[in-house]
Amino acid sequence: MNLILDIGNTRTKLALFSNGEIRFFTTLNSPSVDLLQEKIGHNEVKQVIVAATGSFSDDIKQWLQQHYPQFLQLHADLAFPFQIKYLTKHTLGNDRIAGIAGAQALFPAQNCLVIDAGTAITYDFIDDAGIYWGGNISPGIAMRFQALHTFTQKLPLIEQKGDIPLMGNSTETAIRSGGVRGVLYGIERYIREVSQQYAGLQILLTGGDAVFLADKINYPIFVDEFLVLKGLNRILEYNVQT
């Protein structure tokens, strides 16, 4: 069984995989050695991978290394089941690398566009030859709302939930429609342009806003909230095998 840890700035995602499938999943607000032991329980873990964008404490790292000889921490110099053409791969976010690996695991030898809609929205493309070319980064919905509030004197900070008319009929709906529809139009235009260049494009949507956006996008998409975890499992398996 594989232990997958995705350590973010606010929470940690923990998953146990067996034969490529998630057998257990939970989130932790304040991970510790004792809590990890509790969640792992009596499961026989043999391999571990950690992707850390948040704080990865030394005591947890040391405990994992002591108990699991096949321990990996994700970084750009690991072996990957695809070729990276990104010019500054050492600045490439762990979530973007893992998302591409997840897409490749689900749709091998196919053109894939991964859209991760979170605080920021990232677009990443891997072609059917297994070459990752890069993508784009833009502000997410909440970041757009926060920017309008922070960099103006009178615009309020609004909630994402609510009406999004084509034409806002109040300051609140104008901000919400501008933010949400701006994101949607950007996503759809990006999908359209990539689709015109690459046949049979698979579009994968993940991230905190994936469910909110999914039914508003006018293209067939594959939504997977566990895409990054599946990608981390794929990278772990690939490195163990090679």
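As a reminder, the structure under discussion sits directly above these lines.
Residues numbered from 1 in each chain as written. Predicted model: local features only at pLDDT ≥ 70, side-chain atom pairs only at ≥ 80, totals over all residues. Heavy atoms only, no water.

Observations concerning the overall build of the protein chain
The number of helices and strands found in the protein chain is 7 helices and 11 strands. Relative to the globule expectation of 18 Å for 242 residues, the C-alpha radius of gyration of the protein chain, 19 Å, shows essentially globular dimensions. Counting only C-alpha atoms, the protein chain reaches 60 × 40 × 30 Å along its principal axes. Sorting the 242 residues of the protein chain into buried and exposed places 43% on the buried side. Long-range pairs, those at least 24 residues apart, make up 53% of the contacts in the protein chain between residues at least 6 apart in sequence. By element, 49% of the accessible surface of the protein chain is carried by carbon and sulfur atoms, the whole surface being about 12700 Å². Of the side-chain charges in the protein chain, 19 are positive and 23 negative, and the distance between the mean point of each set is 5 Å. (Helix = DSSP H or I, 4+ residues; strand = E, 2+ residues; numbered from the N terminus. Rg over C-alpha atoms; globule rule 2.2 N^0.38 Å. Buried < 20%, exposed > 50% of the residue type's maximum accessible area, 1.4 Å probe, protein only. Contact = heavy atoms within 4.5 Å. Areas by Shrake-Rupley, 256 points an atom, 1.4 Å probe, with all protein chains shown as cover. Lys, Arg positive; Asp, Glu negative; His and termini not counted. Charge placed at Lys NZ, Arg CZ, Asp CG, Glu CD.)

Digging into the sheet that holds strand E1 (residues 2-7)
In spatial order, the strands read E3-E2-E1-E4-E5; together these 5 strands make up an open sheet with mixed pairing. Edge positions in the sheet fall to strand E3 (21-28) and strand E5 (70-73), since each of these pairs with one other strand and no more. Between one strand axis and the next, the sheet turns by 15 degrees as a mean value, whatever way the strands run. Summarising the sheet, E1 and strand E2 (residues 12-18) pair through 6 bridges and their orientation is antiparallel. In the sheet register, Leu-5 faces E2, and the bridge partner there is Leu-14. Here helix H2 (residues 58-67) sits on the sheet and contacts E1, strand E4 (47-52) and E5; the angle it forms with E5, its principal contact strand, is near 145 degrees. (Pairing = 2+ DSSP bridges. Axes fitted to C-alpha atoms, helices over the stretch in contact; angles between N-to-C directions.)

Focus on the packing of aromatic side chains
Under the criterion given, the structure shown has 7 aromatic pairs. Aromatic side chains Phe-80 and Phe-82 sit 5.6 Å apart centroid to centroid with 20 degrees between the ring planes, which places their arrangement in the stacked category. Taken as a pair, Phe-80 and Phe-82 share a single burial class, namely buried. Taken together, a centroid distance of 4.5 Å and an interplanar angle of 50 degrees make the contact between Tyr-123 and Tyr-190 tilted. Here the residue Tyr-123 occupies a position in strand E8 (residues 120-126), and Tyr-190 occupies one in helix H5 (residues 171-197), the gap between them amounting to 67 residues. (Phe/Tyr/Trp six-rings, centres within 6.5 Å; stacked < 30°, edge-to-face > 60°.)

Overview of the nonpolar core
When a protein is soluble and globular, its nonpolar side chains tend to lie buried together. Counting residues in hydrophobic clusters, the biggest one holds 29 residues, and the most contacted among them are Ile-4, Phe-80, Phe-82, Leu-232 and Ile-235. For this core, the elements supplying multiple residues, two or more each, are E2, E4, helix H3 (94-106), strand E7 (112-117) and helix H7 (227-241). Discounting chain neighbours no more than four positions away, the residues touching Ile-4 are Lys-13, Leu-14, Ala-15, Phe-17, Ile-49, Leu-229, Leu-232, Asn-233 and Leu-236. (Core = buried A, V, L, I, M, F, W, Y, C linked by side-chain atoms within 4.5 Å.)

Things to note about unusual backbone geometry
Phi at Asn-19 is positive, roughly 55 degrees, even though this residue is not glycine. Assignment of secondary structure puts Asn-19 in the loop between E2 and E3. Even without glycine at this site, Ala-109 takes up a positive phi of about 55 degrees. As for its position among the elements, Ala-109 is in the loop between H3 and E7.

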